[in-house]
Amino acid sequence: MTLQLLICTFNDGIHDIPHLLLPTLEGVSYLVSWQQSSDYSPCELPHSLLRPDVQVEPLAGLGLSRNRNNCLKHASGDICLICDDDCRYTPQGLAHVVEVFETDSTLDLATFKAKNDFEPRFYPDFSFDLRKKVKNYSPISFEIAFRRTSIVGKLQFNEHFGLGADLFGAGEENLFVDDAMRLGLQCHYFPQVIVEHPGPTTCTSRIASPAVLRANGALIYRLYRPTMLLRAPLLAWRLNRQFRVPLFFGLKHIAVGIYKMFRLSCNSH
């Protein structure tokens, strides 16, 4: 069973990719989607990326979800692991990913743990079906792996979500996992560390931006619609207490996100 790391990078982020690569491992390969803005003059591909196990696919334009979808378009591994260009991996962590899919042939998508000393997160210490919501847990993109044949051609990242998107500046991974479950796929969490992320995630570093606040509102609408009128002010209050996001500013943009997601849902039917 082969494992392919699906790595998204943007403009000069291509220079970070060599730090992510491990020495050649049997059955492990790397697919890099190199997104480039219209004003970017591409540099030469770093020499250390000219390896048989590394494939680079350029993509013009903006939007992290577009970049991730470019990875899906070119993926070829049996198991695919979503990656960012600043992640760090070990052979043991990658072996864990392959092991869970080899052990359970019905498993379509799995989420794992990431090590991040800068931004500690809550991870349950037990495995569970992701349909069973566990309080305070939500996946991050680089913790997600999936069986390629279960996803490719059936599911994509919503390009209205994610860094550089037109409407919502985060949350693409939450929607991706929810869409997978709505397709009836088997999605489970496993309490094993597979990756290290050395700094804050984009969502946390931009938590007070209108685009990220709108994404929070959109996810409340999508995932918790029956209780959204209670959750929206509660989230605004928590962001105020934890991150000093002005209360009414936060609530305003969360509400805008709920409304925009409502409109988007209406237009999709």
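Higher on the page you've got the structure.
Residues numbered from 1 in each chain as written. Predicted model: local features only at pLDDT ≥ 70, side-chain atom pairs only at ≥ 80, totals over all residues. Heavy atoms only, no water.

### Side note on the overall build of the protein chain
Note the following rule: Only DSSP runs of H or I reaching four residues or more are called helices, and only runs of E reaching two or more are called strands; each is numbered from the N terminus. C-alpha atoms define the radius of gyration, and 2.2 Å times the number of residues to the power 0.38 defines the globule rule. Summary of the burial criterion: residues with accessible area below 20% of their type's maximum are buried, those above 50% are exposed, and those between are partly exposed, where the area comes from a 1.4 Å probe applied to protein chains only. The contact rule is simple, with two residues in contact once any of their heavy atoms fall within 4.5 Å. Reported accessibility uses the Shrake-Rupley method at a 1.4 Å probe radius. Residues are deemed covered only where the shown protein chains occlude them. Under this rule, positive means Lys or Arg and negative means Asp or Glu; His and the chain ends count for nothing. Every charge is mapped to an atom, namely NZ of Lys, CZ of Arg, CG of Asp or CD of Glu.
Along the backbone of the protein chain there are nine helices and eight strands. Expected size for 269 residues packed as a compact globule is a radius of gyration near 18 Å; at 18 Å, the protein chain falls within 12% of this value. For the protein chain, the spread of C-alpha atoms along the three principal axes comes to 50 × 45 × 40 Å. Taken across its 269 residues, the protein chain has 52% of its residues classed as buried. Taking the intrachain contacts of the protein chain between residues at least 6 apart in sequence as the baseline, contacts between residues at least 24 apart amount to 76%. Taken as a whole, the protein chain presents about 13,200 Å² of accessible surface, with 55% of it coming from carbon and sulfur. Here the protein chain carries 27 positive and 27 negative side-chain charges, and the mean point of each set is 12 Å from the other.

### Regarding the pattern of salt bridges
For clarity, the threshold we go by: A pair is scored as a salt bridge if a Lys or Arg side-chain nitrogen falls within 4 Å of a carboxyl oxygen belonging to Asp or Glu.
Counting across every chain of the model gives seven salt bridges. Here aspartate 84 ties to arginine 68 by a salt bridge, and the two come within 2.6 Å at their closest N and O atoms. Of the two residues, aspartate 84 is situated in strand 4 (residues 79-84) and arginine 68 in helix 2 (residues 64-74); the sequence distance between them amounts to 16 residues. The buried category is assigned to aspartate 84, whose relative accessible area is 16%. With a relative accessible area of 2%, arginine 68 lands in the buried category. One salt bridge in this structure joins arginine 182 and aspartate 178, with 2.8 Å as the shortest N-O distance. Of this pair, arginine 182 and aspartate 178 both sit in helix 5 (residues 172-182), four residues apart, roughly one helical turn. Among the charged side chains, a salt-bridge network with shared partners connects Asp178, Asp179, Arg182 and Arg222.

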